[in-house]
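Structural characterization, general
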Amino acid sequence: AQKITQTQPGMFVQEKEAVTLDCTYDTSDPSYGLFWYKQPSSGEMIFLIYQGSYDQQNATEGRYSLNFQKARKSANLVISASQLGDSAMYFCAMREGNYGQNFVFGPGTRLSVLP
Amino acid sequence: DAGVTQSPTHLIKTRGQQVTLRCSPKSGHDTVSWYQQALGQGPQFIFQYYEEEERQRGNFPDRFSGHQFPNYSSELNVNALLLGDSALYLCASSPYFPERVNTEAFFGQGTRLTVV
């Protein structure tokens, strides 16, 4: 079964607008961490934001925020004030406490920011 | 401070050959993980090395093997290459805290392997 689901293969957003990228996850481990990474065409995975399963507040990092709904097992990434440089692949990933340090990644969403 | 560096950046091999990919972790990191990212997909975990030993392994055949050196750098070896091994191979480094879910990993730019 898919542990990380990203249902939007591609998204378009107008420059300066906000966009939400969806991520749902599946785990029975009470301790887990959710990460969002950006992958430009160069290939490098760039860390954006982290949310822990025990965190009470939604995570925020600059223009990035995470809409964490634990009961729904969703961790959607919100990018505010989109910029042309935000065009890239975005991956949601999970690390579970009982399974060491490896990440399980979703299939990704390709975001295109339009001028 | 150099981040994670991988070499080579691109590689073309023939089916049946063997290939070695290299990774130098970020300074201060002692753990290296390898991921395979097929075109249009998310990365898949191959294995992780710490203290020169394989600590964790994903669902990959024995054709995939690795090594970690005393300076924490790592190699990924793939034997008997198949066309399906064509992918971007990513190396990630981190400090070794297997019980902590919030440990951030830093990724290299990857090696793009094409098997023909």
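Structural notes, computed from the coordinates. (Residues numbered from 1 in each chain as written. Chains lettered and ligands numbered in written order. Predicted model: local features only at pLDDT ≥ 70, side-chain atom pairs only at ≥ 80, totals over all residues. Heavy atoms only, no water.)

**Observations regarding the packing of aromatic side chains**
The test is simple: Here a Phe, Tyr or Trp ring, Trp counted by its six-membered ring, pairs with any other such ring whose centre lies within 6.5 Å, and the pair is stacked when the planes are under 30 degrees apart, edge-to-face when over 60, and tilted otherwise. In this scheme, a residue with accessible area under 20% of its type's maximum is buried, one over 50% is exposed, and one in between is partly exposed, where area comes from a 1.4 Å probe on protein chains only. Only DSSP runs of H or I covering at least 4 residues are called helices, and only runs of E covering at least 2 are called strands; the numbering of each starts at the N terminus. To sit over a ring, a charge needs its Lys NZ or Arg CZ within 6 Å of the ring centre and within 35 degrees of the ring normal.
Taken as a whole, this structure holds 19 aromatic pairs over all chains when the rule is applied. Each ring, one from Phe35(A) and one from Tyr37(A), has its centre 6.4 Å from the other, and the planes form 20 degrees; the classification is stacked. The exposure class of Phe35(A) is buried, given its relative accessible area of 0%. The exposure class assigned to Tyr37(A) is buried, which follows from its relative accessible area of 0%. Judged by centre distance (5.7 Å) and plane angle (90 degrees), the ring pair of Phe105(A) and Tyr35(B) falls under edge-to-face. With one member in each of two chains, Phe105(A) in strand β11 (residues 104-105) and Tyr35(B) in strand β4 (residues 31-37) form a pair that bridges those chains. Judged on exposure class, the residue Phe105(A) and its partner Tyr35(B) are both buried. Joined through ring pairs, the aromatic side chains of Phe35(A), Tyr37(A), Phe47(A), Tyr50(A), Phe91(A), Phe103(A), Phe105(A), Tyr35(B), Phe45(B) and Phe107(B) make up one cluster. Of note, Arg95(A) hangs over the ring of Phe103(A), and the distance from its end group to the ring centre comes to 4.1 Å.

**Remarks on the interface of chain B and chain A**
The cut-off we apply is this: Whether two residues are in contact is decided by their heavy atoms: any pair within 4.5 Å suffices. The term buried area denotes the loss of accessible surface (1.4 Å probe radius) that occurs when two parts are joined, taken as the sum for both partners. Salt bridges, as used here, are contacts in which a Lys or Arg side-chain nitrogen is within 4 Å of a carboxyl oxygen on Asp or Glu. In this classification, the charged set is Asp, Glu, Lys and Arg, the nonpolar set is Ala, Val, Leu, Ile, Met, Phe, Trp, Tyr, Cys and Pro, and all remaining amino acids, among them Gly, are polar.
The interface is formed by 25 residues belonging to chain B together with 24 residues belonging to chain A. When the area that chain B buries against chain A is broken down by residue, the three leading residues are Val101(B), Phe107(B) and Gln109(B), summing to 32%. Our count for the contact surface shared by chain B and chain A stands at 0 salt bridges. Of all the elements in the fold, those that place two or more residues in the side of chain B that touches chain A are β4, β5 (44-50) and β9 (87-94) of chain B. At 3 residues, β9(B) tops the list of elements feeding residues into the side of chain B that touches chain A. Taken together, the residues of the side of chain B that touches chain A sort by class into 12 nonpolar, 11 polar and 2 charged.

**Re the environment of Gly66(B)**
Residue and element names in this part refer to chain B. Locating Gly-66 in the fold gives a position in strand β7 (residues 64-68). A residue is classified by how much of its surface remains accessible, and Gly-66, at 19% relative accessible area, is buried. Separated by 44 residues in sequence, Gly-66 and Arg-22 place their C-alpha atoms 9.8 Å apart.

**Considerations on the nonpolar core**
Residues and elements named next belong to chain A. Note the threshold: Here the nonpolar core consists of buried residues drawn from Ala, Val, Leu, Ile, Met, Phe, Trp, Tyr and Cys, with membership extended through side-chain atoms lying within 4.5 Å.
Of all hydrophobic cores here, the largest spans 24 residues; its most connected members are Tyr-25, Trp-36, Ile-49, Leu-77 and Tyr-90. Of all the elements in the fold, those that place two or more residues in this core are β3 (19-21), β5 (32-39), β6 (46-52), β8 (64-69), β9 (74-79), β10 (88-96) and β12 (109-114). Of all the elements, β10 adds the most residues to this core, at 4 residues. Filtering out sequence-adjacent residues up to four positions away, Ile-49 remains in contact with Leu-34, Phe-35, Trp-36, Ala-59, Thr-60, Glu-61, Tyr-64, Ser-65, Leu-66 and Leu-77.

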